[in-house]
Every structure is written in C-alpha cells, then in structure tokens.
Amino acid sequence: MATEVVMPRLSDTMETGTIAKWLKNVGDQVDKGETIAEIETDKANMEMESYASGILAKITVGEGQSAGVGEPIAVIAANESEAKTLQNGPQPEAPETTGKDEPDQVPPDQGPPSQPQIGKTEPNERIKASPLARRLAQEHEINLSDVGGTGPGGRITKEDVLSFLKQTAPVGQAAQQQAPAPAPTRQEAPARRPEQPQPSGGRGGQPVEMTRMQRTIARRMTEARFSKPDFVLTVDIDMTAARQLLQNIAGTANAPKVGPNDLLIKAAALALVRHPKVNAGWEGDSIVRYNRVNVGFAVALEDGLVVPVVRDADQKSLGEIARDAKELIDKARSGKLAPSDYEDGTFTISNLGMYGIEQFTPIINPPEACIMGVGAIEQRPVVVDGQVTIRDRMRVSLACDHRVIDGAQGAQFLRTFVGLLENPMLTVL
Amino acid sequence: MTAEATRLRPHTTHNQKVEFHESRDELHAMFRMMVLIRHFEDKTYEMYTRARIGGYCHMNHGEEATVVGTIGPLRQQDWIVSFYREHGHILARGTDPKYVMAELFGKETGVAHGRGGSMHLFDASRHFMGGYGIVAGQMPLGLGVGWSIKYRDADEVILLLTGDGAMANGASHESLNMIGLYRLPVITVVVNNLYGMGTTVDRSAANPDLWKRGDMYAMHGVQVDGMDVMAVKRTMADAMDRARKGEPSLIEAITYRYRGHSVADAARYRTREEVESWRDQDPIERFYRQLSDAGMIAEDDRKAIEESVDRQVEDAVEFAENSPQPDPSGLFDALYVNPPANV
Amino acid sequence: MPEITYRQALHDALREEMQRDDKVFLLGEEIGIFGGSYKVTEGLLDEFGSKRVLETPIAEGGIIGLATGSAMTGLRPVAEIMTINFIIVGMDQLVNNAAKIPYMFGGEARVPLVVRTPSGAGHQLTAQHSQVLEVWFAYVPGMYVVAPSTPADAKGLLKAAIRNDNPILFVENVLLYNEKGEVPEGEHVVEIGKADIKRQGEDLTIIAYSRMVPLALEAADVLAEEGLSAEVVDLRSLRPLDVDTIVESVKKTNRALVVHEGWYKYGAGAEVVAQLQEHAFDYLDHPVERITGAEVPLPYATTLERAALPRMEDVVERARFMLGKR
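Residues numbered from 1 in each chain as written. Chains lettered and ligands numbered in written order. Predicted model: local features only at pLDDT ≥ 70, side-chain atom pairs only at ≥ 80, totals over all residues.

**Describing the overall build of chain B**
Point 1. For chain B, the helix and strand inventory stands at twelve helices and seven strands.
Point 2. In terms of overall dimensions, chain B has C-alpha extents of about 60 × 50 × 40 Å along its principal axes.
Point 3. Looking at chain B residue by residue over its 343 residues, the buried ones come to 56%.
Point 4. Counting only contacts in chain B whose residues sit at least 6 apart along the sequence, the fraction spanning at least 24 positions is 76%. (Helix = DSSP H or I, 4+ residues; strand = E, 2+ residues; numbered from the N terminus. Buried ≥ 20, exposed ≤ 12 C-beta atoms within 10 Å, placed from the backbone. Contact = placed C-beta atoms within 7 Å.)

Dropping the structure here:
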C-alpha cells in the first residue's frame with residue numbers, strides 16, 4: 001500500500017515550502033525516519049524525514065518548486081512492483097489522509113432588525129436621541145418629540161432628523177409655480193396646489209425662499225404674540241440731561257464713544273438690578289428669576305433681525321457696554337454672531353427711533369418676561385413748572401407678560417428707568 | 001561550541017556495571033516507558049508536521065533516562081511541577097497517552113480540555129501540576145507546593161523539574177533560596193541538555209557546574225549521568241529520602257535533546273557530529289544493553305514491547321483524531337469559580 | 001456600632017479568617033516580628049506562629065509563586081506585597097501563573113489566593129513608591145481586583161476575598177490605614193462585585209474608589225452648600241465592575257464624573273467612561289469626565305506633589321462646570 005508524502009509543516013507560521021533539495025531519487029529505498037529532502041521554509045532550511053519505509057516511486061514537486069503545507073509532493077511505494085505500477089500508471093488512490101476538520105459553522109445571521117418605534121414620547125420621558133441628532137434638530141429648530149426614532153431602542157438618529165426635515169420641508173424655489181403657501185408649521189405639510197392663474201391678473205405674488213432666520217422669526221413671533229397674556233405700559237421721558245451727558249462724553253478727550261443705545265442698556269440694567277422681579281422669564285410652566293442681567297438689543301439686518309446680548313450689563317461701565325455693543329453689531333452685520341452672542345438674554349430693548357417712530361408695542365422675546373420698545377427723541381412742547389417749554393422727549397413702551405409681571409411691578413421698574421435717564425449721572429456712578 | 005558541549009561529563013560513567021535490585025517486571029515497565037516516550041514523541045513530531053498539532057511543540061527525544069529515572073520513583077501522593085518540555089513527563093507519571101495526544105490536538109478530551117496545549121498539560125489525580133511556558137516561571141510554584149507539604153505536615157515530596165537555561169533566571173534564585181531556607185521537601189532536577197534554545201550552558205552560566213549551587217542554597221547538590229536511567233533512579237531515591245528528612249536536593253542531570261528546541265528549530269547551533277556522538281549514548285539502547293547483560297531482557301521482550309507501544313501510540317492518535325474540538329460556547333468555562341453575573 | 005481604623009479592620013479580618021480556617025496562612029516581607037510595614041499584621045505572629053505567619057526574604061516573585069503553588073495544593077494563602085510598586089517584580093507569577101492556571105488547565109486546578117497590597121500616593125514617597133497600578137491587573141481576565149474605601153468595606157471584602165476561590169488582588173491605600181469608621185461586629189462579609197452608593201444625590205454622579213471616595217464625599221459636601229446634589233458611587237472593585245449600579249445612577253443624574261488616583265490616559269476611569277457611553281448613552285447630558293493624578297512620575301517637592309495629585313477643589317470646580325454653574 002503506497003504512502004503519500006505531503007509537504008510537512010515545520011514551524012507554527014509556515015504555510016508553503018519549497019523543495020530545496022531531494023536527497024533521494026525515484027527508485028531509491030527509503031527508511032522510516034530517514035531524511036529524504038531539504039525544505040526551505042519561511043524561517044530556515046529544514047530537513048524532512050520519511051514516515052514510511054519503501055521505494056520512492058514518484059516525485060510530484062521537484063527541486064525549486066513549492067507546495068502548500070499538507071499538499072502531496074511524492075509517493076512511497078511499499079515495494080518494487082508497486083513502484084513500477086505507480087511510475088507507469090495512474091496516480092495511486094491516496095490513502096485516507098487525515099482530512100482537515102469541517103470549518104466551524106458560521107453563526108447564523110441575527111434576525112431582521114426590530115421594527116422601528118415611531119410615535120410620540122411621554123412629555124416627561126427623556127427623549128432618546130444621539131448627540132448628533134440633537135444638534136441637527138436644534139439647528140433646524142425641530143422639536144425632538146415630533147420626530148420618530150428608528151435607532152436602537154427607538155433612539156432618534158441623524159437619519160431620522162433628516163427624513164423628518166424632508167417631510168416637513170418648506171416650499172422652496174422649486175415651488176415657483178405653486179400658489180404661495182403659509183409659513184410652514186411643524187404640524188402640517190405645506191399645501192401643494194397646482195398652478196391656477198387668476199383671471200384678473202392676481203397679485204403677481206412669488207413665494208420668497210425664506211432664510212432659516214426668517215422662518216424662525218415667523219414661528220417665534222407667532223408663538224410669542226398669541227401665547228401669553230401681555231400688556232403694555234408707556235412713558236414719556238425727558239432726555240435733555242441724557243443728551244447733555246452724551247455730548248459731554250463725546251467732547252471729552254480719550255473717552256470711549258458712547259451712544260444713546262448704550263445709555264439705554266445701562267439704565268435698563270441698573271433698573272433690572274433694583275427690580276429683580278422684572279429680570280425674569282417664563283419657562284415651561286413657571287416663573288424663573290434670573291441671577292444675571294443680560295440685556296439684548298435688536299439689530300436690524302437685511303433680511304431679518306437678531307438680538308445680540310450684552311452680558312452682565314449691570315456690571316459694565318458705559319464705555320464697556322458701548323464697546324461690546326459695537327462688536328456685537330459688527331458681528332451681526334457680517335453674519336458672524338455665535339450662539340453665545342445671542343443666547344441667555346434676560347431683557348430686550350428694541351429701538352425704532354432712528355426711523356422716526358414715536359411709539360410702538362414690541363413683541364416679547366421669549367422666555368423673557370418683558371421687552372422695551374424705544375421711540376425717537378423729538379423736541380416736543382411740555383409743561384414744566386406751569387410753563388410750556390420745548391424739551392427733548394422720548395417715548396418708551398414696556399410690553400410685559402402678565403404671568404410673570406403685574407402692572408405695578410412693571411410701572412415701578414419704568415419709574416426707576418426714567419429716573420436714571422433723567423438723572424443720567426447716576427448711570428456713571 | 002562542540003568542544004564546550006562535550007566538555008561537560010557526568011560524574012557517573014556510562015560503562016559502570018549495574019546491580020539490579022528491582023524486579024524484572026519493574027525494569028520492563030521502566031524500559032517500556034522510555035520506549036513509549038520516544039515513540040510518542042516521534043509521533044508528536046509527525047503530527048505537528050501534518051498540522052494536527054499547532055503552536056509550539058517541545059520534545060523529549062534523548063531525555064528518556066532523566067524523565068523515567070526521576071519520575072518513576074515517585075509515590076502516588078508525591079507531586080510534580082514541570083515546564084513546557086513535558087510530554088514525556090506526564091506520560092512517565094502514568095497519564096494515558098490518549099488524553100495527552102488529545103490535548104496536543106486541541107480536543108475537548110485532552111488533559112486540559114483543549115485549553116492548554118503542549119505547554120500546559122495537567123493531571124490533578126496524579127498530582128502533575130503543569131506545564132508552564134515562562135522559563136523558570138514554574139520554580140516559585142514548586143516552592144509553593146513544597147511549602148504546602150511542610151505546612152500540612154504530610155508525607156509527600158515534590159519533584160520540581162527545570163532546565164539549564166532557566167537557572168540563569170531570577171525566579172530560580174528566589175525559589176531555590178526559599179526552598180533551602182525553609183528546608184522544604186523539594187527535589188529540584190535540572191534537566192541539563194546543554195542548550196537553552198541555541199545557547200550552551202557555558203554561554204549562559206558564569207559557573208556552568210549547576211549542581212554546585214546546591215551549596216549556595218543549603219541543599220544537597222549532585223550531578224548525575226542523565227543518559228543512564230539507573231543512575232538517575234538511584235540518585236532520585238536518595239534525594240527522596242533526604243527530602244523526607246527535611247533536606248532539599250538540587251540534581252543536575254546531564255542529558256541531550258536529539259531534536260531542536262522545538263519542531264521549528266533548524267538547530268544550526270550544533271554540528272551533526274555532536275548530535276551523532278550523543279546518539280551513540282542513546283539512553284534506551286544503553287538501558288537495553290544493561291538489562292540484556294544482566295539477563296533481565298531478551299530480544300523478543302523488546303519486540304513485544306515495541307509493538308505494544310506502537311499500537312498504543314496509534315490508538316492515541318486515533319482517539320485524538322476522533323475526539324471533538326471544544327465548542328466555542330465553552331469559551332469562558334473555568335475562567336472563574338462561581339463568578340457573579342457581572343464579571 | 002464600634003468605630004475602628006481601616007488598619008484594625010483588616011487586622012481583624014485576617015485574624016478571624018485564620019481562626020476560622022486553618023488552611024489560611026499569611027506570607028510576606030516583615031509581616032511577623034515587624035508587624036507589617038503598615039502594621040496590619042501586628043500581633044499575628046505571636047498568636048499563630050511562624051508557620052501560619054511566614055516572613056519571607058525580599059523576593060516578590062518567590063512570594064506570589066509560593067502562594068500560588070500552595071493555593072493549588074489545598075491551602076488558602078494571603079500574601080502581602082509591601083506596596084503595589086513592588087508587585088511589578090512579581091508580576092509574572094500573578095499574571096502568567098495565578099490568573100491563568102484555572103483556565104489554561106481546563107478547570108482542573110484552582111487558585112484560591114489573595115494578594116494584599118497598598119496602592120496610592122502622598123507624603124513625598126517619590127516616583128518609585130507612589131504608583132497606582134491596580135488597573136493593570138483589572139485588565140487581566142482570570143483574577144479579581146478589589147479596593148475598599150472604608151473600614152467596614154475593608155473588613156467585609158477581605159473576609160469575602162479569603163473565602164473566595166479565585167485569585168484576588170486586594171488593594172488597600174497608604175493614606176487610609178488611619179481612617180476610622182463604623183464596622184459591624186460579628187460575621188461581616190461584603191459581596192464581591194457590588195458597588196456601593198455612599199451618598200445619594202440628584203444632579204451629578206461622582207464615581208470613585210479607594211481614597212478618592214472620601215475625597216468625593218468631601219466635594220459633595222461643598223457642592224451641597226451651593227445647592228448642588230452629588231451622588232457618590234464607590235466602585236469597591238474594578239473587576240468585577242458593577243456597571244449596573246453606575247448606569248442606574250447616571251440614568252437619574254444624567255452626568256458623571258470619575259475620580260481616581262493614578263494616571264489619566266488608559267486609567268480605570270477610561271473603562272468607566274466606555275461603559276457609560278455604551279450603556280447610558282441616551283441618559284447623558286454631558287460627556288463623562290475624569291479627574292485623576294497628573295501624568296508624571298510623582299515628584300518629591302511638596303508643591304509639585306500637591307499639583308500632581310487629584311484635589312477636592314478640582315472635583316468641586318469640575319462638578320460646578322458640568323452642572324452649568326461657574
């Protein structure tokens with residue numbers, strides 16, 4: 001019975017070997033244990049010994065040739081006659097070599113992914129969303145509780161936020177042919193109506209592609225205006241002394257540039273310190289008193305408005321407020337405001353005086369409790385000590401959220417504010 | 001290098017006539033065990049080159065006299081701590097070759113259930129305490145077993161096997177020092193096969209007469225011809241007596257490994273002539289001659305023994321081949337004893 | 001309940017276990033006549049004799065190997081390594097032998113071994129005597145790493161460790177030995193693998209072990225005065241690590257701060273952060289942060305040493321930041 005000789009594994013890392021030299025020729029007697037070849041391995045040249053005795057009948061891998069570990073390289077016949085048969089005839093039936101074990105079964109695939117859980121979460125339950133999804137939601141002003149999560153455990157992922165956005169996308173350029181749709185709300189998909197030209201020529205309206213800022217303003221103003229019980233208090237302030245102070249500052253060498261707005265901010269800040277109940281807001285379902293006095297002021301932009309915030313305005317001098325405000329305005333105009341520049345306001349001033357507006361009711365900037373609308377400084381006739389005289393006057397309207405502030409509180413605040421503006425040296429001390 | 005290697009000559013000579021006090025049966029059993037080790041290791045080599053055995057594979061060809069001579073005399077209650085060149089050690093202790101081959105094949109039926117392999121054999125019932133891969137790493141464990149015997153005041157000794165290369169390591173010093181200090185019943189046998197991998201003892205030991213370190217550790221130091229199984233056996237019996245009286249021993253057995261350090265070793269650090277000169281002292285042949293000269297064995301006996309051994313080794317291969325591999329679901333078995341769920 | 005020191009608690013645990021089971025024995029450097037370099041074993045040599053209180057030469061590999069070999073053959077050794085800095089010398093025996101023997105021999109052997117050693121820094125002991133290395137061993141499957149912070153836990157966990165059949169590294173702390181605490185009398189054994197909430201809180205979870213637990217509790221007191229409520233979780237063991245308890249805590253507070261001695265990168269905190277990130281991802285409002293020692297070999301000068309060790313003020317400040325207060 002012939003024995004197949006295979007390429008031996010001569011090191012733990014060896015995968016193929018090359019026959020460096022056959023030490024026996026076909027037809028030679030071979031003894032068990034005798035070295036019959038030299039094998040070149042990945043590490044060194046090693047000797048290969050025979051595990052059988054007999055006649056070397058066939059060499060199938062010659063010198064200089066390679067074979068993988070376990071592959072046949074020669075045949076040893078039991079005796080001469082078998083050897084002759086093998087040399088001339090077909091390959092002998094290879095004896096049952098110890099075959100390799102069956103490869104381990106690959107564990108079956110996990111079942112199909114579990115069904116996504118879409119639906120509203122309980123209001124008090126923590127919403128599961130990845131940090132990335134949260135950031136995207138915030139950037140797009142999306143409320144996470146409206147988004148369904150398809151991630152593990154119902155987690156909201158980036159994909160979920162993006163697909164939500166697609167579903168609720170506002171009408172854009174592509175919708176030029178459509179009738180203008182109302183500003184998008186979260187709840188409804190925009191109505192899409194086919195083009196219907198008006199018989200009388202219509203208004204010729206074209207939907208404008210709104211910026212994110214415009215959409216935000218639209219939404220928040222709607223929210224603000226119709227969601228709170230607000231009232232307005234108006235006062236008329238004598239700005240003569242204030243104007244004088246500003247002129248003095250302007251005329252002082254090496255003094256910083258201070259404008260009326262800066263004075264308003266400082267006065268408001270000081271008044272808020274004295275009336276902490278006004279330096280407050282409505283968050284969730286309760287009044288929140290703020291420890292810091294961060295006064296925001298509205299800045300008109302080409303396509304909207306922003307409210308940058310002067311933080312800790314009560315602790316800053318007029319000069320410092322002026323510097324901060326200027327920096328913020330510059331950033332606002334060049335679109336470079338960072339969130340920390342417009343977040344965390346506790347009170348807002350909106351000034352339309354430069355446009356000649358005498359008086360107006362601004363819309364509160366939630367979560368703040370009130371907002372001050374400032375009109376133009378004009379010369380008006382007033383009665384002082386029984387005499388009619390001309391003075392620089394300015395009207396200011398304070399719109400308040402009655403959940404947080406009542407009339408008396410608002411009025412007291414205004415009285416302090418007026419006192420500071422009419423005795424402006426107090427803002428410098 | 002050859003000259004240095006052959007410089008080391010044992011104190012007992014190999015031509016000494018032996019007086020046998022043992023029975024014929026006992027002597028045949030010793031002879032059979034040496035043949036079993038040799039054939040088993042031949043088969044191990046073959047199975048490795050056939051990729052049935054993987055990883056590292058260190059074999060005992062040529063060391064049979066040292067192995068059988070030191071392990072044979074042990075009693076059932078005695079202990080053995082060994083190192084990675086241990087296939088012959090566990091066989092000499094009486095473990096069935098089936099389970100040893102199965103372990104080499106990485107099967108569930110192996111002595112370590114396929115978790116250990118060639119270097120980590122174990123047989124608790126025979127007090128064969130491993131099987132360790134870090135050179136000299138087993139020495140402090142042998143110290144520990146010796147301490148345990150003394151602590152329990154038991155009539156036991158422990159055979160601590162190590163190599164010439166390991167004697168250079170700090171762990172050997174710490175262990176031998178404490179064994180001597182505490183007078184533990186530890187018999188340390190240095191299987192000096194003249195090479196630590198490819199480095200001769202002369203190049204690893206400032207003083208290569210390793211048995212002389214006995215003095216340093218207050219233990220009985222002796223060198224023996226490790227190719228002479230009877231010389232080793234007598235030396236071991238003496239050491240066991242001493243151990244039971246509280247005197248540890250350091251036995252240096254001079255022997256030789258016919259194969260390289262492991263299967264993958266081309267052994268370029270020694271010449272063919274040197275290997276051949278040691279083959280002339282083949283311990284099995286030598287023992288056969290001694291037995292034959294004393295009329296204790298005949299050619300027929302030898303033939304019968306060899307056939308029986310070959311069958312036993314083939315059976316072992318078949319058993320190993322047909323045994324199942326461990327299931328991956330058992331990957332964490334025996335990692336801890338009674339762990340909490342959160343480990 | 002009586003109040004005793006951490007040292008006394010350990011001493012009592014050793015003594016009680018040695019009385020209970022005569023297979024328990026101690027070994028280590030200077031644990032006999034000297035009473036132990038931290039005096040934990042004082043008096044035990046007189047009571048139990050030199051066989052059960054074995055004083056060894058300075059040979060950490062020999063000590064741990066002796067213990068391992070004894071443990072494999074029926075005894076229950078408690079080895080003391082004078083400080084964790086020296087465990088490196090004996091690491092081969094602990095990691096390559098003790099931790100692997102049960103597994104690599106297919107369950108045929110057990111190693112019921114305890115290696116006690118103090119870790120930690122302070123008192124200008126300088127670079128080679130001030131390390132915090134237990135995390136290296138927490139990495140190794142096959143062994144446990146236990147680290148009590150109070151006398152009660154020290155006693156309870158040491159008793160549990162001695163009765164446990166696994167190889168256990170029992171990590172004490174050089175600066176905790178004199179700390180006092182209430183310890184229940186009688187059979188007080190603490191389950192290994194369970195963290196302990198040492199202080200309930202709502203706003204932030206501070207996770208710590210060993211000496212950093214009292215430090216975290218101090219920080220929590222300071223924060224409480226500012227209206228900030230910190231929960232302090234004492235891990236008590238690095239392996240097994242009680243992930244469930246820290247996750248439950250973070251589900252409540254949504255913020256976690258890990259405090260440990262030793263170095264920052266690849267320290268024990270890194271594992272806690274990874275576990276929380278994996279298992280409490282949806283409950284985190286802030287990245288999990290770590291306060292640790294500085295990444296330097298510990299220097300000698302007091303100013304430098306102080307700057308290199310975690311301080312209570314650091315924990316308070318970071319906690320404030322994480323809670324949105326400056």
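**A short note on the overall build of chain C**
Point 1. Within chain C one finds twelve helices and 14 strands.
Point 2. Since a compact globule built from 326 residues should have a radius of gyration of about 20 Å, the 20 Å found for chain C is in line with a globular shape.
Point 3. Evaluated residue by residue, chain C yields a buried proportion of 56% over its 326 residues.
Point 4. When contacts within chain C are restricted to residue pairs at least 6 apart in sequence, those whose partners lie at least 24 apart make up 78%. (Rg over C-alpha atoms; globule rule 2.2 N^0.38 Å.)

**Structural notes on the interface of chain B and chain A**
Point 1. Contacts between chain B and chain A engage 14 residues on the former and 14 residues on the latter.
Point 2. The element contributing the most residues to the side of chain B that touches chain A is helix α2 (residues 24–49) of chain B, with three residues.
Point 3. Across the side of chain B that touches chain A, the residue classes break down as six nonpolar, four polar and four charged. (Nonpolar A, V, L, I, M, F, W, Y, C, P; charged D, E, K, R; others polar.)

**Structural notes on helix α9 (residues 407–422) of chain A**
All names here are of chain A.
Point 1. Counted at 1.5 Å a residue, the expected span for α9 with its 16 residues is 22 Å, and the 22 Å between its end C-alpha atoms agrees.
Point 2. Looking only at α9, the buried set comprises Gly410, Phe413, Leu414, Phe417, Leu420 and Leu421. Buried residues along α9 cover an arc of 120 degrees about the axis, so they all sit on one side.
Point 3. Turning to α9, the residues buried within the fold contact β9 (230–238), α5 (240–251), α6 (260–274), β17 (370–384), β18 (387–401) and α10 (425–428). (Expected span 1.5 Å × (residues − 1). Arc of directions from axis to C-beta.)

**Topic: the nonpolar core**
Nonpolar side chains in soluble globular proteins tend to be buried together.
Point 1. Membership of the largest hydrophobic core comes to 221 residues, with the highest contact counts inside it found for C:Ile206 and C:Ala216.
Point 2. The dominant element in this core, judged by the number of residues it contributes, is α2(B), at ten residues.
Point 3. Not counting residues up to four positions away in its chain, the partners in contact with C:Ala216 are C:Ile206, C:Ala208, C:Val232, C:Val259 and C:Val315.
Point 4. Among the nonpolar cores identified, the runner-up in size contains 53 residues, and A:Leu264, A:Leu272, A:Ile321 and A:Cys370 belong to it. (Core = buried A, V, L, I, M, F, W, Y, C linked by C-beta atoms within 7 Å.)

**Some remarks on the interface of chain C and chain B**
Point 1. Listed per partner, the contact involves 42 residues of chain C and 40 residues of chain B.
Point 2. Broken down by secondary-structure element, the contributors of at least two residues to the side of chain C that touches chain B are α3 (60–72), α4 (91–98), α5 (101–104) and α9 (243–253) of chain C.
Point 3. With ten residues, the single largest contributor to the side of chain C that touches chain B is α3(C).
Point 4. Counted by class, the side of chain C that touches chain B contains 17 nonpolar, 17 polar and eight charged residues.

**Details of the packing of α9(C) against helix α10 (residues 268–279) of chain C**
Residues and elements named next belong to chain C.
Point 1. Between α9 and α10, whose axes approach to 10 Å, the crossing angle comes to 60 degrees. Note on packing geometry: the crossing formed by α9 with α10 is right-handed. Of α10, the residues touching α9 (which contributes Val243, Ile246, Val247 and Val250) are Val272, Gln275, Leu276 and His279.
Point 2. Taken together, the residues of the contact of α9 with α10 break down into six nonpolar, two polar and no charged. (Axes fitted to C-alpha atoms, helices over the stretch in contact; angles between N-to-C directions. Left-handed = near helix turned anticlockwise from the far one by under 90°.)

**A few points about α5(A)**
Residues and elements named next belong to chain A.
Point 1. The terminal C-alpha atoms of α5 lie 17 Å apart, and with twelve residues this matches the ideal 16 Å at 1.5 Å per residue to within 8%.
Point 2. Every buried residue of α5 is listed here: Ala242, Leu245 and Ile249. Here the buried residues of α5 occupy an arc of 60 degrees about the axis, which is enough to place them on one side. Exposed residues on α5 whose side chains face more than 90 degrees from its buried face are Gln244, Gln247, Asn248, Ala250 and Gly251.
Point 3. For α5, the secondary structure elements touched by its buried residues are α6, α9 and α10.

**Brief notes about the sheet that holds β9(A)**
Residue and element names in this part refer to chain A.
Point 1. With mixed pairing, six strands are arranged side by side in an open sheet as β9-β18-β17-β16-β12-β15. Only two strands of the sheet have a single partner each, and these edge strands are β9 and β15 (309–310).
Point 2. With two bridges connecting them, strand β12 (residues 295–297) and β15 associate as antiparallel partners. Its bridge partner lying in β15, Val295 is registered against Val310.
Point 3. Packing against the sheet, α6 makes contact with β12, β15, β16 (347–351) and β17, and its axis sits at approximately 150 degrees to β16. (Pairing = 2+ DSSP bridges.)

**Concerning the packing of α2(B) against helix α3 (residues 64–71) of chain B**
Residue and element names in this part refer to chain B.
Point 1. In contact at an axis separation of 10 Å, α2 and α3 are set at 135 degrees when each is read in the N-to-C sense. Judged by the angle between their axes, α2 and α3 are oblique. Pair α2 / α3 crosses with right-handed handedness. For the pair α2 and α3, contact is made by Met30, Met33, Met34, Ile37 and Arg38 and by Glu64, Ala65, Val67 and Val68, respectively.
Point 2. Counted by class, the contact of α2 with α3 contains seven nonpolar, no polar and two charged residues. (Parallel < 35°, antiparallel > 145°, perpendicular 65-115°, else oblique.)

**Topic: the domain arrangement of chain C**
Residues and elements named next belong to chain C.
Point 1. Segmenting chain C into domains produces domain 1 (3–182) and domain 2 (196–322).
Point 2. For domain 1 versus domain 2, the separation of C-alpha centres amounts to 26 Å.
Point 3. The interface is formed by 24 residues belonging to domain 1 together with 21 residues belonging to domain 2.
Point 4. Residue composition of the side of domain 1 that touches domain 2, by class: 14 nonpolar, eight polar and two charged. (Domains from an automatic or database assignment.)

**Some remarks on unusual backbone geometry**
Point 1. The peptide bond linking B:Gly130 to B:Gly131 adopts the cis configuration, its omega dihedral lying at 0 degrees.
Point 2. Looking at where B:Gly131 falls in the secondary structure, it is placed in the loop between α5 (97–104) and α6 (139–151).
Point 3. With an omega dihedral of 5 degrees, the bond running from C:Arg239 to C:Pro240 counts as a cis peptide bond.
Point 4. Phi at A:Glu141 is positive, roughly 55 degrees, even though this residue is not glycine.
Point 5. Looking at the secondary structure, you find A:Glu141 in the loop between α2 (131–139) and α3 (158–167).
Point 6. For A:Asp344, which is not glycine, the phi dihedral falls at a positive 70 degrees.
Point 7. Checked against the element boundaries, A:Asp344 lands in the loop between α8 (339–342) and β16.

**Comments concerning the sheet that holds strand β6 (residues 144–146) of chain C**
Backbone hydrogen bonds are what pair the strands of a sheet, in a parallel or an antiparallel way.
Residue and element names in this part refer to chain C.
Point 1. Strand order in this open sheet of seven strands is β3-β2-β4-β5-β7-β6-β12, and the pairing throughout is mixed. Every interior strand has two partners, whereas the edge strands, β3 (53–55) and β12 (237–239), have only one. Between one strand and the next, the sheet's axes are offset by a mean angle of 20 degrees, whatever the strand orientation.
Point 2. Of the strands in this sheet, β2 (24–28), β4 (76–80) and β5 (114–119) touch α3, which is tilted by about 170 degrees from β4.

**Some points on the pairing of strand β10 (residues 204–208) of chain C**
All names here are of chain C.
Point 1. Along β10, five of the five residues are buried, which leaves the element largely enclosed by surrounding structure.
Point 2. Side chains Leu204, Ile206 and Ala208 project from β10 onto one buried face, and the interleaved Thr205 and Ile207 project onto a second face that is buried too.
Point 3. Strand direction decides the pairing type here: β10 and strand β11 (residues 230–234), joined by five bridges, are parallel. Paired with Leu204 across the two strands is Ala230, which belongs to β11.
Point 4. Crossover connection from β10 via helix α8 (residues 212–225) to parallel β11: handedness right-handed.
Point 5. When β10 meets strand β13 (residues 256–259), the two strands line up parallel, connected through four bridges. Across the sheet, residue Ile206 finds its bridge partner in β13, namely Leu257. (Right-handed = clockwise from strand over helix to strand, strands pointing away.)

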